Structures are given as structure tokens and as C-alpha cells.
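Structural characterization, general
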Amino acid sequence: MRLASILARLGLQQQVGGGAAPCDTSKYILCVENVKKYFGGVRAVDGVTLRVERGSIVGLIGPNGSGKTTLFNVIAGYYKPDAGQVWFDGRRIDGLSPHEIYKLGLVRTFQTPRLWRSLTVFENVAGGVKGHPGEMLRNAILWSRWVPFELKTGEKALDTIAFVGLSPVAGNMADAISGGQMKLAELGRALMGEPKMLLLDEPAAGVNPTLARQIFEGIVRLREEKGITFLIIEHRLEILFDYVDYVYVMHQGRIIAEGKPAEVAENPLVAEIYLGG
Ligand SMILES: Nc1ncnc2c1ncn2[C@@H]1O[C@H](COP(=O)(O)OP(=O)(O)OP(=O)(O)O)[C@@H](O)[C@H]1O
């Protein structure tokens, strides 16, 4: 077990790396401070600072290869940053494992949904419940059929499946549903973890426009009903900009613009990098 993990369990996390949070943690649920992540000579994330207000829906955009997914991987604990800090809900989290970060309530989804394909939609969603051994991928296949879900977990999973609109396919195997339905199933599983914040990687990719808007309307409802905060990578700006409060724009590993969607849409620098891309 890593030192940071042990200290976190002892409640000493804030002393790691020294000191105070780099932002007002009562206002911001997520503070990314001067984060860098290099792969050899590739500066995938090159000194990113961003803030996400509690209860907001924030977009993270940028051309292909600008560093968005790498930044998500750093925030969610899949990569340790080469420099900088990440604070979530008042705690420093860089150095924690993905599972520890998940347990703190920061949950991510992937560009390509990572479902357990030999299990049903119901089992996939129910397996995301906090505390069930199946919440860890390596345990999921082993446990989901042998350890019965509690009745209340099953009921919660059915409610969640209804929320994301998948009731008609709840009993289908995950590899027998459409790409859009896989995205919804992954969102459902993430919701079973009772997140305070969701990092969504291209929730509308490959989904028809009607379903894409339904997904974003669901996101707005989750913010309103459960107070969940969102940071969302999305290339479909014409949809994203209708639903987000604020937008960060990445290019070549850096934040090159930020603001309300209308401001970002008018920013000539943003048009230039997209046209250039
Ligand atoms: N594991 C890795 N090893 C080496 N280089 C990587 C790795 N992951 C990403 N990169 C490089 O880092 C840069 C940023 O990639 P990243 O996937 O974070 O961009 P992105 O903005 O998410 O792109 P997209 O919108 O296409 O998903 C790219 O040049 C990419 O080739």
C-alpha cells in the first residue's frame, strides 16, 4: 500500500505535499493546480489549472490529442502527475489509487464504455454499488453471480436503470445492446457509486442527436435532484454548449481559453485551434 493511501486512511492526507488547498474548497469541489503529465517528450498535460464549482456542469473541450483524456486519467488516479496537485472535496487526491478516489465520490466513465460484457445490464449497473466486491473490475465477474445483491441494492439498480432509460433491456447481456445503451449502462453503474462528482468522457459520442440530448437532460436532472457536479469531455459542441455552465478549452496540453459557453463560442482563438485541428 502506498504511503499516500495509508495517510489518507489515517485522515492525514492534507499534510502530504505540504499545506493548504490551492483554492476555496467550500466553493470548488475540484481544484486542479498546475498539473503536468509527460510521456517521454510528449507534454500531454503541460501545467493545467482549473476549478469546478460545486453543483456545476463544466465542459472540457479541445481538438484531438490536446490532453483531455490524460487530464481525466490524472484526476481519477490512473496516472500520477509529474507535477502539480489535485484536490477533491477538500482533500488532496493526487497519489491516491483510482479505487480510493472512487470511494471518495469522484467517479469517471470512459470514452469506450468498460462494461462486463458477459453480464446483464442489471448486473453491470448493480455491480457499481458502493461496498459490493463487484465495484472493482477484477472482482466483478467472480462475485456478481455468487454474492447475491441485497434486495435494496437490486431495487436501487432497477430505479437507476429506469432513470437512464434502460428498463426494456435490463435483462440483456451487455454485449447485446447498442453503443448508446452501453454509455447509459456505464452512467447507471457510475450512479450506483453515489458520486459527488462525475467525470464523463464523451457521453454523446456515437449516439444519435435525440439520445444525446436525452443524456444531457439526464445530467441536468442529476445535478438538480442529487446535487452531482459534472466535468464533461465532449466533441459535440452544438449539444454540450446548451447544457454546461462553464467551459475550459485545452490545446497542446494547456488551457488556452475558458468562460461561459457563449463567450467561448465567440473566442477567435478557439475557432482557430479547431479549424487548425
Ligand atoms: N499512454 C500514452 N503514452 C504516450 N503518449 C500518450 C499516451 N496517452 C496519450 N498520449 C499522447 O498525449 C497527447 C494527449 O492525448 P489525449 O488522449 O490525452 O488527448 P485528448 O484530448 O483526450 O484526445 P481525443 O479527443 O482524441 O481523445 C497525445 O499526443 C497522445 O498521443
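Higher on the page you've got the structure.
Residues numbered from 1 in each chain as written. Predicted model: local features only at pLDDT ≥ 70, side-chain atom pairs only at ≥ 80, totals over all residues.

With that settled, consider the site of the ligand. For the ligand, the full set of nearby residues is Phe39, Val42, Ala44, Gly62, Asn64, Gly65, Ser66, Gly67, Lys68, Thr69 and Thr70. Within the residue set of the shell around the ligand, elements represented by two or more residues are strand 2 (42-53) and helix 2 (68-75). Here the residues of the shell around the ligand are counted per class, giving 3 nonpolar, 7 polar and 1 charged. (Near = placed C-beta within 6 Å. Helix = DSSP H or I, 4+ residues; strand = E, 2+ residues; numbered from the N terminus. Nonpolar A, V, L, I, M, F, W, Y, C, P; charged D, E, K, R; others polar.)

What follows is about the sheet that holds strand 2. Spatially, the 4 strands line up as an open sheet ordered 2-1-4-5, and their pairing is antiparallel. A strand with exactly one partner marks an edge of an open sheet, and here the two such strands are strand 2 and strand 5 (91-92). Here strand 1 (residues 28-39) pairs with strand 4 (residues 83-88) via 5 bridges, running antiparallel. Residue pairing in the sheet places Leu30 in a bridge with Phe88 of strand 4. (Pairing = 2+ DSSP bridges.)

Turning our attention to helix 7 (residues 179-192). Over its 14 residues, helix 7 extends 20 Å from the first C-alpha to the last, a length consistent with the 20 Å expected when each residue adds 1.5 Å. With 13 of 14 residues buried, helix 7 lies mostly within the body of the structure. Glu194 occupies a position one or two residues after helix 7 and carries a positive phi of about 50 degrees. (Expected span 1.5 Å × (residues − 1). Buried ≥ 20, exposed ≤ 12 C-beta atoms within 10 Å, placed from the backbone.)

Below, the discussion takes up helix 2. Here helix 2 lies mainly inside the structure; 7 of its 8 residues are buried. Three or more residues of helix 2 are buried, namely Lys68, Thr70, Leu71, Phe72, Asn73, Val74 and Ile75. Once helix 2 ends, the next one or two residues include Gly77, with phi positive near 90 degrees.

Everything listed here is a matter of coordinates, which is why it stays silent on function.
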